[in-house]
Every structure is written in structure tokens, then in C-alpha cells.
Amino acid sequence: MEDIVSLCKRRGFIFQGSEIYGGLAGTWDYGPLGVTLKRNITNLWWKMFVEDRDDMFGVDAAILMNQKVWQASGHTTGFNDPLVECSECKTRLRQDHIENDKCPNCGKVGKFSEPRQFNMMFKTSVGPVEDESSTSYLRPETAQGIFTNFKNVVDSIYPDFPFGMAQVGKAFRNEISPRDFVFRGREFEQMEIEYFVEEKDWEADFEKWKGEFYKWFEAIGLPKSMVHELDVPESDRAHYSKKTIDFEFDFPFGKSELYGLAYRTDFDLKNHEKSSGKKLQYTPKEGGQPFVPHVIEPTFGVDRTILAVLVACYKEDEVNGEKRSFLALPDALAPVQYVVSPLVKNKPELVKKAREVYGAMKKKYGAVLWDDNSNVGKRYRRADEIGVPKCITIDFDTLEDDAVTVRDRDTTKQTRVKISEL
RNA sequence: GCGGGUGUAGUACAACGGUUAGUAUAUAAGUUUUCCAAACUUGGGACGGGAGUUCGAUUCUCCCCACCCGCACCA
């Protein structure tokens, strides 16, 4: 973990938020390479789950929502956990988890402090006047922005059934203790789908979505052996869910939740119907009664994905007896696709030719870096560390045969390729 | 939020109640270099923040902030 945190800082992937002021707990900023890695991940996800399908529709809802949304979803009550502390063993517990005033940790009775409120939502005030009616929250999940737009999408797109809605965006939770680098932050990004199904089909669709997760794991290079399914027992499930599977990943700090797949029933749409007075139903095109769909929710944390990818791809080996560390990122995720260099930098004709190749590659692929620092071996190592799949070196032969050396990150093998075929 | 620990260049570390805070690496400029971290020269770069003790604090004390470990929490 220390290697990864250090690498992220040194090479411009991820920095501590507000660092020059001593930081702000639970916030992280993405640097030049990090933001590209992140975009590559969200773009790949969007392509796979939205663009490549004809049953999925994207939205990008506002982070601020009418406070009634959070009342209907149960967040203003369910997210407000009164905590008490046992004065004997200093354990902090949710008040509603205590039976008979007895501490489940040390067994002492009647030793609890007064309950303190812990609101997991960031409260804010919308508009110039701060009063109760102006209170809103930074959304603690992106899902509600999908439910509140269900009717809009049905009315504007007329989708066939079943269909889903997808969203990538920020969510905020005032975590009691942010931990483990970007794993648990107070501000984070989610890639979320609400897939609407008929109640009778939920189990089959749940299984289908489980399969989709494994396609995704493969696409981003997470080995199956590092992923574990956890069938979340009822006592640990959210109030709305009848079945939840956590996909846990072997992080350096232990096996922890990476993604979740939940069957949310019709809990959300039903509550929003009741609360808003609007019909949130789907009318079958082939005729039949309008109904409130049930929901399968696959949810993917972006920041956790980045951490998992870095963990899975961080490798060390030896080249000519020297230790080498590299990121074996899948091509689709690598923030830099190619590094172009002249073999040596004090020969103008080499540099000129290399600049030409660099210019052409940059124009075509965008994520291409120029590097003429030091010697070729060092440049390879530096490129390895940030996961560049291929390095291109222009040498003296290039001036004769218009071919270059292409060196592979994972195998360190070199091949000769014509410039026209790059 | 509780208990414990840590905080010194970008990174990883060192030293010190007192002259110019050191090493490696990274980085910048230059010389050199014909395929996997070569060498040399030169340059820039740090005591997390604030109080206190002291003639003098990066060093000791307290508070704050952040990070790490454990506990609890994680809708």
C-alpha cells in the first residue's frame, strides 16, 4: 500500500486534498495521470454498459435535490444514527442495536452515555435564506437522481421493457473515519445502474447482472482470484434490499467491498409515488396494466476501482539483475499509451526524426509522451512505472529504413516496426 | 469519535536545544552516451500549523491538522 500511495504522489496520479493547507480528511485530488486513468475507467464503463447496449439510458442528475427526495428515500431518518458510548469499555454503538441497556461488548448494563447524532449526509442550504425549508443535502448516493427521472425517461424515450438507467457522478458521505487512501473518502464517485424489471423476473435478472460484473472485472484487469462474492445477510442489508451481493476485493489492508449488487424491490419508486403524488409506472407496449417496476441495482465505486486496479497491476520483477516496478495496466486504462524517444538526444538528425514520429503519434492517439531524458533504459523504467504499454525509440537505422524499435512493457521484448505501420 | 503511533526536500530516510539541517533517489541545466535505472559538472528544493518553556526550539511541552495501526461506525 505504501508503494502505491508513494507512486501515486510521485508520478502525479493522486494527491491529498487541500494538501498545502495540511489536507482535509477524506478528500483526494486526482493529478494529470490520475484523472486520465479515472476517465479511461468511466469511459470504458459507459461504453460497456450504456453505448454497447440498447436497453440502457444515461442521465446526469443534479447533486442537490429537493429535500423531499431524501425524506421519501428514508435517508433523513435512516442516515441519522444516534450513537451512544459505553463508559466501561469505550465502545461506540448505534442506540438501536442495543438490547436491554446492555453493552454487547463488555456486558455491563446501564453504562451508556447520552446519544449523539451522527448525520452521514452533508447538510447545506439552498438559496439566500437559511431556514428549514431551504435545507438540502449533498447526495449520499446517485441512485435517487435516477428514480426521480424515471418518469422523464419513460415519457421522452419510450423504452422497451426491461430497461435500465445509468449514471456516473459524485456522492458525499460524512464518514466517521475515512480510511485506507481513496478506499473510504467523504467525497467519491459512483458508476451506478438502476435496472427496471418485472417482479417475477428479478432473480433471473439478478443472475444476469452478476455475470456482467465478471465481464467488467476482466475488462479492467482484475483477476478473478482476487474477487470474492459475499451474500450479505439480512441483518447487514439496507432497509430497502431483499438480496445483496457484495463483490469483495483483496486489498492490501484486507478483503473489502469493491462493488455491490442489490435487489431494491419497488421500494424507491413506490415511496416516490406516495411522496410526490406522481405515477411512476411503466405501461406495457403490448397492452396490459401499468405497473411499478422492481429494481436491480449494480453499483460500482470509481475510486475503489482505481485503487483495486493499481493494486492488481502493480508488479515487480528483475531485468538484468536490476529491480523493476511496473503497472501492468490494460491498454484501455493506461493514461499514457506511448512514449516516443530518440535513442540519444545530442544527435540533431535523430531528434528531428523522433519529433516527427512523436507529432504524428500524438495527433493520432493523444495520450503520447515525449521523453529524451537520460538514457534509454532509464526512460523505459520511468514509462514502466506509470504503466505505458509501448515505448517507441528512434535510432540511427531509422534514418535509413524508416523503422523504429517498439518495446513492450510487460515482456520488455523489442520489435522492429515500420513507421507507416505504427 | 476513542486508544496508540507518525509527521524533516517530489519520494525514502538521517542528524541536532546553538555557525550553512545531511544522504540516496527524483528533478532542472550542461558534457557525454548506438537499446533496459552508466559517468561527470552545476543548480533549485524540507523541519505540517500555532502557542508555550528557553538567551536560543526542527529538537522539549501543549493545542490544532493530516496520515498510519487497532476499536467502533459504514445507510
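Source: prediction; values computed, not measured. (Residues numbered from 1 in each chain as written. Chains lettered and ligands numbered in written order. Predicted model: local features only at pLDDT ≥ 70, side-chain atom pairs only at ≥ 80, totals over all residues. Heavy atoms only, no water.)

### Focus: the overall build of chain A
When you go through chain A residue by residue, the secondary structure sums to twelve helices and 21 strands. In terms of overall dimensions, chain A has a C-alpha envelope of 80 × 65 × 50 Å along the principal axes. Burial statistics for chain A: of 422 residues in total, 49% are counted as buried. Accessible surface, chain A as shown: approximately 21,500 Å² in total, 48% of it carbon and sulfur. The average position of the 60 basic charges and that of the 69 acidic charges among the side chains of chain A differ by 4 Å. (Helix = DSSP H or I, 4+ residues; strand = E, 2+ residues; numbered from the N terminus. Buried < 20%, exposed > 50% of the residue type's maximum accessible area, 1.4 Å probe, protein only. Areas by Shrake-Rupley, 256 points an atom, 1.4 Å probe, with all protein chains shown as cover. Lys, Arg positive; Asp, Glu negative; His and termini not counted. Charge placed at Lys NZ, Arg CZ, Asp CG, Glu CD.)

### Let's talk about the environment of S341
Within the element layout of this structure, S341 appears in strand β17 (residues 338-342). Through-space distance from the C-alpha of S341 to that of D372 is 5.5 Å; in sequence the pair is 31 residues apart. Beyond its immediate stretch of four places on either side in the chain, S341 contacts A354, D371, R379, I392, T393 and I394. Within the local environment of S341, its side chain forms a polar contact with the backbone oxygen of D371, the two atoms lying 2.7 Å apart. (Contact = heavy atoms within 4.5 Å. Polar contact = N/O pair within 3.5 Å; in protein donor to acceptor, adjacent residues only side chain to side chain.)

### Examining the confidence of the model for chain A
Interpretation of this model should avoid reading the predicted coordinates in detail wherever pLDDT is low. Averaged over every residue, the pLDDT of chain A is 91; residues scoring 70 or more account for 90%. Element-level pLDDT for chain A is lowest in strand β4 (residues 80-85), with a mean of 59, against a maximum mean of 98 in strand β3 (residues 56-58). Confidence metrics for the complex model read pTM 0.92 and ipTM 0.93. (pLDDT = per-residue confidence, 0-100.)

### Side note on the sheet that holds strand β13 (residues 254-265)
Strands sit in the order β3-β9-β10-β14-β13-β12-β11 across an open sheet of seven strands; the sheet is mixed. The open sheet is flanked by β3 and β11 (227-231), the only strands paired with a single partner. Adjacent strand axes in the sheet meet at a mean angle of 25°, parallel and antiparallel pairs treated alike. Pairing analysis gives six bridges linking strand β10 (residues 187-197) to strand β14 (residues 294-301), with the strands arranged antiparallel. Bridge pairing in β14 places Q190 opposite G301. (Pairing = 2+ DSSP bridges. Axes fitted to C-alpha atoms, helices over the stretch in contact; angles between N-to-C directions.)

### Examining the environment of F251
With respect to the helices, strands and loops of the structure, F251 is situated in strand β12 (residues 243-251). Counting along the chain gives 140 residues from F251 to C391, while the straight-line C-alpha distance between them is 30 Å. If near-sequence neighbours (up to four positions away) are discounted, F251 is found in contact with F183, S256, E257, L258, R304, L307 and A308.

### Re helix α1 (residues 2-11)
Buried within α1 are the following residues: I4, L7 and C8. Along α1, the residues classed as buried sweep out an arc of 100° about the axis, all on the same side. In this structure, the buried side of α1 is in contact with β1 (14-16), α9 (302-313), β15 (314-319), β16 (322-327) and α11 (376-385). A positive phi of about 85° marks G12, the residue just after α1. (Arc of directions from axis to C-beta.)

### Brief notes about the nonpolar core
Nonpolar side chains in soluble globular proteins tend to be buried together. Among the nonpolar cores identified, the biggest contains 64 residues, and W45, W216, L222, F249, Y259 and I296 are the most heavily contacted of them. No other element matches the nine residues that α9 contributes to this core. When neighbours within four sequence positions are excluded, F249 is seen to be in contact with L222, M226, V227, G254, K255, S256, L258, A308, V311 and A312. Among the nonpolar cores identified, the runner-up in size contains 17 residues, and V153, F196, L280 and Y282 belong to it. (Core = buried A, V, L, I, M, F, W, Y, C linked by side-chain atoms within 4.5 Å.)

### Things to note about the side chain of T76
Note on placement: T76 falls in helix α4 (residues 75-78). Setting aside anything within four residues of it in sequence, one finds T76 in contact with W70, Q71, M121 and Y137.

### Topic: unusual backbone geometry
Trans peptide bonds make up the majority, and among non-glycine residues the majority have a negative phi. Backbone torsion omega between F161 and P162 reads 0°, so that peptide bond is classified as cis. With respect to the helices and strands, the residue P162 is situated in the loop between α6 (150-157) and β9 (163-172). Although it is not a glycine, D402 sits at a positive phi angle of roughly 55°. Relative to the assigned elements, D402 resides in the loop between α12 (398-401) and β20 (403-408). Positive phi values are uncommon outside glycine, yet T412 reaches one of about 60°.

### Section: the packing of helix α2 (residues 32-51) against helix α7 (residues 202-219)
Between α2 and α7, the shortest axis-to-axis distance is 12 Å and the interhelical angle comes to 140°. On the basis of their axis angle, the class for α2 and α7 is oblique. In this structure, α2 crosses over α7, and the sense of that crossing is right-handed. Residues I41, L44, W45, M48 and F49 of α2 pack against W209, E212, K215, W216 and A219 of α7. Partitioning the contact of α2 with α7 into residue classes produces eight nonpolar, no polar and two charged. (Parallel < 35°, antiparallel > 145°, perpendicular 65-115°, else oblique. Left-handed = near helix turned anticlockwise from the far one by under 90°. Nonpolar A, V, L, I, M, F, W, Y, C, P; charged D, E, K, R; others polar.)

### Overview of the pattern of salt bridges
In this structure the tally under the stated criterion is 34 salt bridges. E212 is the partner of R53 in a salt bridge, and the nearest nitrogen-oxygen pair spans 3.7 Å. In this pair, R53 sits in the loop between α2 and β3 while E212 sits in helix α7, placing the two residues 159 residues apart along the sequence. With relative accessibility at 24%, the residue R53 sits in the partly exposed group. For E212, a relative accessible area of 16% puts it in the buried group. Through salt bridges with shared partners, one network takes in R53, D55, E212 and K215. (Salt bridge = Lys/Arg side-chain N within 4 Å of Asp/Glu carboxyl O.)

### A word on the sheet that holds strand β21 (residues 414-418)
Backbone hydrogen bonds hold the strands of a sheet together, and the pairing may be parallel or antiparallel. The five strands are arranged β18-β17-β19-β20-β21 in an open sheet whose pairing can be described as mixed. In the strand order of this sheet, the two ends are held by β18 (368-370) and β21, each with one partner. Adjacent strand axes in the sheet meet at a mean angle of 25°, parallel and antiparallel pairs treated alike. As judged from the five bridges shared by β20 and β21, these two strands associate in the antiparallel manner. Looking at β21, one finds that V404 is bridged to V417. Of the strands in this sheet, β17, β18 and β19 (390-394) are in contact with helix α10 (residues 348-365), which crosses β17 at around 165°. Against the sheet, α11 engages β17, β19, β20 and β21, with an angle of about 160° to β19.

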